[in-house]
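# Descriptive analysis of the structure
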Amino acid sequence: MTQVTRRARPIDRSAQLFVVGNVLLAVLLSGGIAHSVISDGRPPKIRVGFADTHRHLIDTRKHAEIIPDLQTAASINFDDGVTQLQLLSTAYKAHDTDSIVLGLRGLLNHAPDDSELHGELATVLLGIGHAEDALRHAEDALRHFEDALVHSSVAVRLNPDSSRLQITQGAVMLALERNQEAAASYRKALELNPDSEPAQRALKYPLKNY
């Protein structure tokens, strides 16, 4: 693989998550409670109890300690968007990649048309794939690259005018050695943002001849 594709973005996304989270939190709280009332005839019970039980760990920033419980809660109560968001935020702070993926997939269950979530998941999966590739786990790397492609493609389809998402798509294509398509994505990114350094670097090398 090339140096361009190995430069995955840092795992700390707290600032981006804060913006996305504020919007999702209000929607998911109202939507989740309404769904529970309509389908079960009562408000949800798991959400409140779970939050109370682990409030101390969250407040004291013991992120690594709370993640296993958050993973369990997110898996059992997959329709609880608040728990998914809590898992994702904590996982980023703890740099727990597997939990980041789980949290992003959980949030996409609630917001399947969110291009930013798809793009973020593609970026994380791309980073996992490069890590597997560095360890010479070719099959695992390919699986993560192909999964990243699914989400980057959806992200670009939902928001084709995002230079950042076009760059993500280009990086995924490059990881899969689909250089012609990678170059097309990077060129589109440059059209949208002529100052994009990642796109400029990619088209200068290793996609100079594409």
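Position labels on residues start from 1 in each chain and follow its written sequence. Predicted model: local features are reported for residues with pLDDT of at least 70 only, side-chain atom pairs are reported and counted for 80 or more only, and whole-chain, interface and lining totals are derived from all residues. Each side-chain value is derived from all of the structure's non-hydrogen atoms; neither hydrogens nor water enter the calculation.

### Some words on the pattern of salt bridges
Salt bridges are defined as contacts in which a side-chain nitrogen from Lys or Arg sits within 4 Å of a carboxyl oxygen from Asp or Glu. Scanning the model with the defined rule gives six salt bridges in all. Here Arg143 ties to Asp140 by a salt bridge, and the two come within 3.4 Å at their closest N and O atoms. Within this pair, Arg143 and its partner Asp140 are both found in helix α8 (residues 138-158), separated by three residues, close to a single helical turn. A salt bridge links Glu181 to Arg178; its shortest N-O distance comes to 2.8 Å. Relative accessibility decides the category of a residue: with a 1.4 Å probe and only protein chains considered, values under 20% of the type maximum give buried, values over 50% give exposed, and everything between is partly exposed. For Arg178, a relative accessible area of 32% gives the class partly exposed. Strands are runs of DSSP state E lasting at least two residues, helices are runs of H or I lasting at least four, and both sets are numbered from the N terminus onward.

### Brief notes about the nonpolar core
Nine residue types can take part in a nonpolar core, namely buried Ala, Val, Leu, Ile, Met, Phe, Trp, Tyr and Cys, and a core is a set of them joined through side-chain atoms within 4.5 Å. Within the largest apolar cluster, 36 residues are counted, with the highest numbers of intra-cluster contacts made by Ile100, Leu104, Val124, Tyr186 and Leu207. When contributions to this core are tallied by element, the ones reaching two or more residues are α5 (81-94), α6 (97-110), α7 (115-134), α8, α9 (163-175), α10 (179-192) and α11 (197-204). The element contributing the most residues to this core is α7, with seven residues.

### Observations concerning α11
Where α11 is concerned, the buried positions are Ala199, Ala202 and Leu203. Mapping the buried residues of α11 onto a view down its axis gives an arc of 95°, with all of them on the same face. For α11, the capping residue at the N-terminal end is Ser196, with a side-chain oxygen 3.4 Å from the backbone nitrogen of Ala199. Comment: arc refers to directions from the helix axis out to C-beta atoms. A 3.5 Å cut-off defines polar contacts: any pair of N or O atoms within that distance qualifies, except that in protein one atom must be a possible hydrogen donor and the other a possible acceptor, and neighbouring residues in sequence count only when both atoms are side-chain atoms.

### As for the environment of Arg178
Along the polypeptide, Arg178 turns up in the loop between α9 and α10. Contacts are assigned to residue pairs with any non-hydrogen atoms lying within 4.5 Å of each other. Once residues within four sequence positions are removed from consideration, Arg178 is found in contact with Leu149 and Met173.

### A few points about the packing of α5 against α6
Remark: α5 packs on α6, axes separated minimally by 8 Å, with the N-to-C direction vectors making an angle of 150°. Classified by the interaxial angle, the pair formed by α5 and α6 is roughly antiparallel. Handedness of the crossing formed by α5 with α6: left-handed. Along its contact with α5, which presents Gly81, Gln84, Leu85, Leu87, Leu88, Ala91 and Tyr92, the element α6 presents Ser99, Ile100, Leu102, Gly103, Leu104, Gly106, Leu107 and His110. Amino acid classes used here: Ala, Val, Leu, Ile, Met, Phe, Trp, Tyr, Cys and Pro are nonpolar; Asp, Glu, Lys and Arg are charged; the rest, including Gly, are polar. The residue inventory of the contact of α5 with α6, partitioned by class, reads nine nonpolar, six polar and no charged. Here an axis means a line fitted to C-alpha atoms, over the contact stretch when the element is a helix, while the angle between two N-to-C directions is reported on a 0 to 180 degree scale. Just so you know how the angles are binned, under 35 degrees is roughly parallel, over 145 roughly antiparallel, 65 to 115 roughly perpendicular, and the rest oblique. Less than a right angle of anticlockwise turn of the near helix away from the far helix marks a crossing as left-handed, whereas a clockwise turn marks it as right-handed.

### Some thoughts on the confidence of the model for the protein chain
Detailed reading of the predicted coordinates is not advisable wherever pLDDT falls low. By definition, pLDDT measures how confident the predictor is in each residue, and it falls between 0 and 100. With 63% of its residues at a pLDDT of 70 or more, the protein chain shows a mean pLDDT of 77. The model gives residues 1-12 a pLDDT under 50, and that stretch makes 28 contacts with residues more than four places away or in other chains. Here residues 22-61 is a poorly scored stretch, pLDDT under 50, and it has 36 contacts once near neighbours within four places are set aside; other chains count.

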